[in-house]
Every structure is written in structure tokens, then in C-alpha cells.
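In case you want the letters, here they are:
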Amino acid sequence: MSTIESTPLVPAQGIPPAGRSTAIESMDAYRALVAEAAQDHEAFWARLAREHLTWRRPFTQILNDRDAPFYKWFEDGELNASYNCLDRNLASGNANKTAIIFESDDGRVSTVTYQALYHRVCRLANALRARGVKKGDRVVIYLPMSVEGVVAMQACARIGAPHCVVFGGFSAKSLHERITNVGAVAIITADEQVRAGKTLPLKSIVDEALAMGGTDAVKTVVIYRRTGGRIPWIGGRDAWLHELENDQPDTCEPEWVSAEHPLFVLYTSGSTGAPKGVQHSTGGYLLWAAVTMKWTFDIKPDDVFWCTADIGWITGHTYICYGPTAVGATQVIFEGVPTYPNAGRFWDMIERHKVSIFYTAPTAIRSLIKSAEADRAVHPGSFDLSTLRILGTVGEPINPSAWNWYSEHVGGGKCPVLDTFWQTETGGHMITPLPGVTPLVPGSCTLPLPGIDAAIVDETGNEVPNGQGGVLVIRKPWPSMIRTVWGNPDRFRNGYYPEELGGNLYLAGDGAIRDADTGYFTITGRVDDVLNVSGHRMGTMEIESALSACPLVAEAAVVGRPDETFGEAIVAFVVLKGPRPTGTDVKRIADELRAWVGKEIGPIAKPKEIRFGDAMPKTRSGKVVRRMLRSVAKGEEVSQDTSTVENPQVIAQFADPA
Ligand code: WTA
């Protein structure tokens, strides 16, 4: 790290508001924390856990690694996440502070104070208890972006019921899979969701999922009335959120739980099989949500924080529901999409709400660049964005040209752009610059946060020299890490702590390289069969099995193709049971298959392109030649290396999308 200063870098940008220093104020301060953690990993984390969380019962054990890799942190300590996010703010003088500035799809704005949020959470928590939901029971949340989403998650946390939020873009079938896998006893949903002026019937989708069977444990469906649209109703089971809240007292004794009690399960895609339920703890997870709000985002009492993620993803869990509230921040929550009513929506909202810290996905930036270049009216330069002081990105690699545009046109050249690398499994930021401190390099997430022991290794687990690529691992356990895959501990152990790497390294699933001079990390993308489409994780196998389940389909293979705007595009290669379609049938059947995938998984999984052939190109031993299909998807010439393929003639069919 001593060489950082000697390399030409974008100077550390972004100064905290006049006269104040950042949470970690200098490279020296950063190095001191790294050294503190290196010297005594456990003592370092214990200190943070005592300083940043409020414990009902202080912990005496720090790390328990007896059953590694099933690590436990602060196990005998007791706390409650919603107490830390709500009651603590009332006690510290934030009662009348705005917790949430909510802007609906059609532009209506409402605000909620910490006091009001606390009462709403308590009422719903009481109502859930009254309906028999108790500590350890799982509650599925299928809600649009809303204040109610945060209320629902915090209410579950208050009574010790792990929540399982399902993104509103998932189909009834995907929702059903999650409800049954997690064994939910209650569901919290809305009548309808509104995005870009269009409604989506969430409650009907819940009913459809519950009609698929195996869901008898679900005794309660709570419905937030968003639009007042007509919905099916099942007496005894269904209840309006506002009616439940009306009947309940506005305080609620929290359920004090062990730090290891699961706070939530969130499903994400892996390279094989069905989506896996990533289980997070209460103490370790919340600790990192709070600490990274301070270290990475340098959150200060008068900041207005805005994370544009959906609560259905981990970013919305950590940097909407838990992080901002744990540190008493004011945040913006937005119901809609960045392009409605026009592509200036984000910039307009930053101006109106005086946002100072803005966190979004590279895909959003790239698509807004296109619109801004085409129409000055939606260019960030047409708005007053002078309140911004820190910008962040997450979810996928950001290409240097998008990084530079974001820095220059949104940040006015004065805000640091924090390329934050992390995952559903890591709970919070892992590798990220510190604002105003770390010299920046567009396209690099720079250095690990203190306490995060990241390294790049070869396929046997040996560290590779800087400048040489390999796979990203985290060597030491950290408090906010995934605890297990819900109901499938073997999948956790084998997937994240594989024997090939020695069984003691956390395998992120991403390729990475460290700069030879600076030691900075650059993430080069997934090394497994996980796609990243618009920052959303999708497994190729999931989409393949969805396609194969269609009665028309004999065989399907799915690959990702690099896409300038969306990071990756889904390309499907399909062999039908009937003859290969020709003429207008090609589009008709492709549309039919796309709709099928939409029903099986959700619209986000629909292939951008579907190509048909008489058979799947396979090796003589019968393996689909994916590498070749990836080249075909990119439009590359593959004629020279088809010698290992049993049936090379079908490659030409797939090469021509028409
Ligand atoms: C990718 C999102 C490059 C990576 C928080 C990771 C990134 C996956 C970055 C996790 C980044 C996330 N640069 N790639 N800054 N951040 N990724 O679980 O492939 O939805 O493994 O968590 O997104 O996606 P997930």
C-alpha cells in the first residue's frame, strides 16, 4: 500500500461540509484501522460492535469458529434491530427528524418522522403478534417501494420474525417457490404496485402463488392499500394494513434476540439449481449496515441520503431499511422508475429534495447518459445538483466512461464516485473507496474496508501476485457475512467454502485483479454461471430450466452477452420439440417463450434474444459447448475451433438470429 502515493490517480475528491472531517479522515487513519484489525481481528470487531450498536445484553463471546465455516459473532449478546433503528433515535433527539421523504410514481411527496415511523412499526408489530406471528416465524414481504416496505421489515425485526422480501417483479411461481422454501406463516403485500403510470396487481399474484399448494402455513395476508383497485378477498386470512394498525397500541416491547438470530432470508441466484435463501444474522449484519453508512457514505446529521435500489434486493435492505435508520439519517424513498415521466426524474428529485449522497447502479447511469445526450432538458446540467457531495455505484462493474460522466455531469467534478463492491452474501460494502480519502481510479473499487481481508487467489487457493488475475476471496470471517443457505447448509459450505480452495476461504464468485503498483482491486465479473443484467443477478440454469419446462421446448441453453447499457443481455439458444421455426414463426414463438419465462420467473429474466437450431451443439461426450455459444451470441466467427463439436453444422443455424 506504500506505493499508492507514487501512482498517478484521480486525486481524492469530495470534501465534507465545511469544517468537518470524514468518518475516516485520512489514508493514515484508514491504515491505522487496517492495522488494528490485522493485529487483533476479534478485538477490532468487538470494539465496533460496542460502539455502534445498542445491546440489551452485552456479548462476552466475539467470534465462535468451532463449527467453521458456520461462523457465529457476538452470540451471547442480545439486541433488537428495530430498537437500534427506531427507539434509539427517539432517545437521541431524532424523534422529530424526518426519517423518510417518500416520492410516489406520480410525484406526490410525503414525509415521515422517526417518531411516526416508530409508531407505525409498533402498531404493525403488535398486529402481527395478535395474529399469532411469533419469534422465529418467517414473513414474506411482497411490496412496492414504499414507507410501508420499511415499516413491514422493521415490524418483523421488532418481533424477531425473519422477513423474506421478494422483489415485486417476480412472478407468482417464483413467489410461491420462496414462500414454500422459507416456510412463511404470513405475507405482507399491496393491492397494486405503480411504476411509470402502470399498475401491477400484487395481491392477485400472491393469491395465485398461494393457490399453487404447499402453503397451508400461511394464515395471514396483510394488504397495504396503495391504489384502492379491486382485489380478491379471502375472509379470515386477508386483512388491510390500515385497519390492523388502527386497532393496535402504538408502542410495542421488542423481542430481544441473540445476535445470531436470523434477521432475514433473501433469495439470490447461484450458478446451479433454484435460487438460494441467504440467511443473515441480527447483530453482525446490523453492525456493518451502520458502520458502512459512516465509513463509506460519511453520513452526517444534515445529509439527505438517497439509495435508488429496491427493497427486494440486498442494497435496499442494507442501505434503505437498516443502514440509514440505524444511524438516524434522512433518506429519500422513490416508488417509480428513473425514466418516468422523463429521464430527468433522478436529477429533478436530487434538486427538489436537496440530496447530498446519491447511490445508484451503473445501468441506470448508462441509460440516463443516452437520454441526457439526446435531450438537454433531461441532462443533469439542467438541474441544480449543488447539494450533492458523495456519489456511489453498486451492483456491477462501472466502465470508466460512465464513471467519468457521472463524476463530471452529476457530481460537478467535486464529488467522489464510490464504486462499492459487495454482494447479497456479504451484507454490506466490502471493497470501496473512502470519500475524500482514497485517490480514485475509474473502474476500480480500490481497497477493502478495514477488517475485510480480501485477496486474489488461483484455483488452488494460493494468492497470486498483484497484476495477475484470479478469483476474489475473503480470508477471515466478518460479522455481516452470510450465515447459511436457508434449509441447505451443504450448499452454503460447498458453494462458499469449497474444498478446492482449502475449505477456509470465502469464495465470492467474481474474478478480480489487483493493480501491480497500487494494489487496487478491479472486479472483472462473475466466474460462474451467474449473469448480471442491469445489476440484477440471474442464474443461467434458472432461465434454462424455465425454458425447458415449456411444452414446446426440447432443449435450451442460456448465455450472457456483454451489453453496453445493461452490462449483460440474456441470449437463449433453443431447440424445439417440433421443427425449427422459419419466417414469421420465429418471432411468434420467441415471443411466446419470452412470455413463458416471464410467467416462470419474472419479466427481468426474459431473454433479449432467442435463437433456434435443429439441435444443441455438443461435444462428442454430449456436453453443450457453452463457450462456443457465448462467441456465437457476440457475433464472433467460430468456424476455426469447431473440431471438437459433434454437430458443427447447427452452429451456423444459431449464428443467424433470423
Ligand atoms: C456484482 C449487490 C463490479 C458482482 C450488492 C457481485 C459488482 C454481484 C459490484 C453481487 C461492483 C456488485 N463492481 N461488480 N462495484 N458490486 N457487483 O448479490 O458480480 O445482487 O458478485 O449484490 O454483483 O450481486 P448482488
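Counting starts from 1 at the beginning of each chain's written sequence and moves along it residue by residue. Whole-chain, interface and lining totals are the exception, using all residues; otherwise, since this is a predicted model, local features are given only for residues with pLDDT of at least 70 and side-chain atom pairs are given and counted only at 80 or more. Only hydrogens and water are removed before side-chain values are computed, so all heavy atoms of the structure are retained for them.

(A) Up close: helix α5 (residues 147–158). Strands are runs of DSSP state E lasting at least two residues, helices are runs of H or I lasting at least four, and both sets are numbered from the N terminus onward. How far a helix is expected to stretch is found by multiplying one less than its residue total by 1.5 Å. Over its twelve residues, α5 extends 16 Å from the first C-alpha to the last, a length consistent with the 16 Å expected when each residue adds 1.5 Å. Judged by how many residues are buried, α5 sits mostly within the fold: twelve of twelve residues are covered. For each residue, the accessible area found with a 1.4 Å probe, counting protein chains only, is set against the maximum for its type, and the residue is called buried under 20%, exposed over 50%, and partly exposed in between. Along α5, the residues that are buried comprise V147, E148, G149, V150, V151, A152, M153, Q154, A155, C156, A157 and R158.

(B) Region of interest: the packing of aromatic side chains. The aromatic pairing rule takes the rings of Phe, Tyr and Trp, using the six-membered ring of Trp, and pairs them if the centres are within 6.5 Å, calling planes under 30 degrees apart stacked, those over 60 edge-to-face and the rest tilted. Across all of its chains, the model carries 36 aromatic pairs by this definition. With a centroid separation of 5.1 Å and 50° between ring planes, the pair formed by F70 and F492 is classed as tilted. Remark: F492 occurs in helix α14 (residues 489–496) and F70 occurs in the loop between β1 (63–64) and β2 (72–73); sequence separation between them is 422 residues. We note that F70, like F492, is buried. Measuring from centroid to centroid gives 6.1 Å for F167 and F170, while their planes differ by 90°, and the two rings are edge-to-face. Residue F167 is classed as buried on the basis of its relative accessible area, which comes to 9%. When its relative accessible area of 9% is taken as the criterion, F170 is described as buried. Among the aromatic side chains, those forming a connected cluster through ring pairs are F44, W45, W55, F59, W73, F74, W288 and W295. Its end group placed over the ring of F170, R178 keeps NZ or CZ at 4.3 Å from the ring centre. Note on geometry: a ring has a charge over it if NZ (lysine) or CZ (arginine) is within 6 Å of the ring centre and within 35 degrees of the ring normal.

(C) Molecular detail of the pattern of salt bridges. The salt bridge criterion pairs a side-chain nitrogen of Lys or Arg with a carboxyl oxygen of Asp or Glu, the two atoms within 4 Å. A full pass over the atoms with the stated rule returns 43 salt bridges. E51 is the partner of R47 in a salt bridge, and the nearest nitrogen-oxygen pair spans 3.1 Å. Remark: E51 and R47 occur in helix α2 (residues 41–52); sequence separation between them is four residues, near one turn of the helix. Using a relative accessible area of 27% as the deciding quantity, one classes R47 as partly exposed.

(D) Spotlight on the site of the ligand. Being near a molecule or strand, for a residue, means having at least one of its heavy atoms within 4 Å of it. Near the ligand there are 17 residues, and of these D419, T424, D510, R526 and R537 occur at the shortest range. N or O atoms within 3.5 Å of each other form a polar contact, as long as, within protein, one can give a hydrogen and the other can take it, and as long as residues adjacent in sequence are counted only when both atoms are side-chain atoms. Here an oxygen atom of the ligand and a side-chain polar atom of T424 are 2.5 Å apart. Secondary-structure elements contributing two or more residues to the shell around the ligand are α10 (314–326), β20 (417–420) and β25 (521–526).

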